[in-house]
Each structure stands twice: as C-alpha cells, then as structure tokens.
Amino acid sequence: MTATEAFFERLTVAGRDPRFSKVRGSVRFDIRDGDRLEQWLLAIDHGQMRATRSAGPATTVIRVSARVADAMARGEVNGVAAIARGEIMVDGDLGLALRVGRLFSRERRLAQRRGADSGT
C-alpha cells in the first residue's frame, strides 16, 4: 500500500474532521504515475469525510504526480509550496483545495511525533 492509499484510508476510517464542520464539497485527486492514472474522490459534508477510488465529478480537481502525492501523504511536502512550484495543479475551488491541504499537514505532525517517539 502506498503512502497515498494509506492517507485516504485513514481519512475514511476517521470519518469526521471538526475543522471541516462548515464545509461541503468534493475534491478529486488525479494522481499520475507515468502512464497510470489513479483517482480518488474525497467527499466532504459538514465534517463527514469519505474517500473512494472514483473518476466522478468534483467541485475541485487536484492534479499531482504520484511522487509528490506520496511525499505529501508522508508529511514531507507542503501543498501550498508544491502549488507555487507548479507540482500541483488545481481546477475549481482553490479555497477548498487549500483547506484540504490541512489534512496533509496533520500527517506531517503525526510523522514528527512518530520520529520523536522512536528517538530519531
């Protein structure tokens, strides 16, 4: 399982994020790895979150390489910086995309805690 797959699975298992209690929308991630395209659809309904593998329509579409997506899922890459570098393209609601980016920064904090707990 890739870091990206694990990230979306954790979102679905958690099911709810209170930081998104006033948000309603959907974000599709188009993740390209060479000729292969992996698509995830994140549905947000007032804090309720559900991620599925889907090419369905979305309020916002984020296009990113598998390398950058995995690095973000591991908490190694900042999404705003990646947008500024042109590594991420956003179509649709940029505000929603930036809010969703907060989910990845949570992963960065968790990774830092795991490193501190292991003594590295």
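Relevant structure appears above.
Anyway, here's the lowdown on the structure attached to this text.

About the cut-offs
- Residues numbered from 1 in each chain as written.
- Predicted model: local features only at pLDDT ≥ 70, side-chain atom pairs only at ≥ 80, totals over all residues.
- Heavy atoms only, no water.
- Core = buried A, V, L, I, M, F, W, Y, C linked by side-chain atoms within 4.5 Å.
- Buried < 20%, exposed > 50% of the residue type's maximum accessible area, 1.4 Å probe, protein only.
- Helix = DSSP H or I, 4+ residues; strand = E, 2+ residues; numbered from the N terminus.
- Contact = heavy atoms within 4.5 Å.
- Polar contact = N/O pair within 3.5 Å; in protein donor to acceptor, adjacent residues only side chain to side chain.
- Phe/Tyr/Trp six-rings, centres within 6.5 Å; stacked < 30°, edge-to-face > 60°.

**A short note on the nonpolar core**
Here is a general trend for soluble globular proteins: nonpolar side chains tend to be buried in one another's company.
Link 1 in the chain: F8, F29, I31, L42, I44, V100 and L103 are the most contacted members of the largest nonpolar core, which totals 29 residues.
Link 2 in the chain: For this core, the secondary structure elements donating two or more residues are α1 (3-14), β1 (24-33), β2 (36-45), β3 (48-53), β4 (60-65), α2 (66-73) and α4 (94-118).
Link 3 in the chain: The biggest single contributor to this core is α2, with six residues.
Link 4 in the chain: In contact with F29, other than residues within four places in its own chain, are F8, E38, Q39, W40, L42, I62, V100 and F104.

**Describing the side chain of S26**
Link 1 in the chain: Tracing the backbone through its elements, the reader meets S26 in strand β1.
Link 2 in the chain: A distance of 3.0 Å separates the side chain of S26 from the backbone nitrogen of T59, its partner in a polar contact.

**Looking at the environment of E76**
Link 1 in the chain: Along the polypeptide, E76 turns up in the loop between α2 and α3 (79-84).
Link 2 in the chain: With 28 residues separating them in the primary sequence, E76 and F104 have C-alpha atoms 9.2 Å apart.
Link 3 in the chain: A distance of 3.0 Å separates the side chain of E76 from the side chain of R74, its partner in a polar contact.

**A few points about the packing of aromatic side chains**
Link 1 in the chain: Per the stated rule, a full pass over the model turns up five aromatic pairs.
Link 2 in the chain: Taking 4.2 Å as the distance between ring centres and 15° as the angle between the ring planes, the aromatic pair formed by F7 and F104 counts as stacked. Within this pair, whereas F7 is found in helix α1, its partner F104 is found in helix α4, the two being separated by 97 residues in sequence. You'll find F7 and F104 in the same group, each marked buried.
Link 3 in the chain: Centroid distance F29 to F104: 6.2 Å. Interplanar angle 65°. Geometry classified as edge-to-face. Taken together, the residues span a long stretch of sequence, with F29 in strand β1 and F104 in helix α4 at a distance of 75 residues. Residues F29 and F104 agree in their burial class; the two are buried.
Link 4 in the chain: Here a set of aromatic residues connected by ring pairs shows up, and it is made of F7, F8, F29, W40 and F104.

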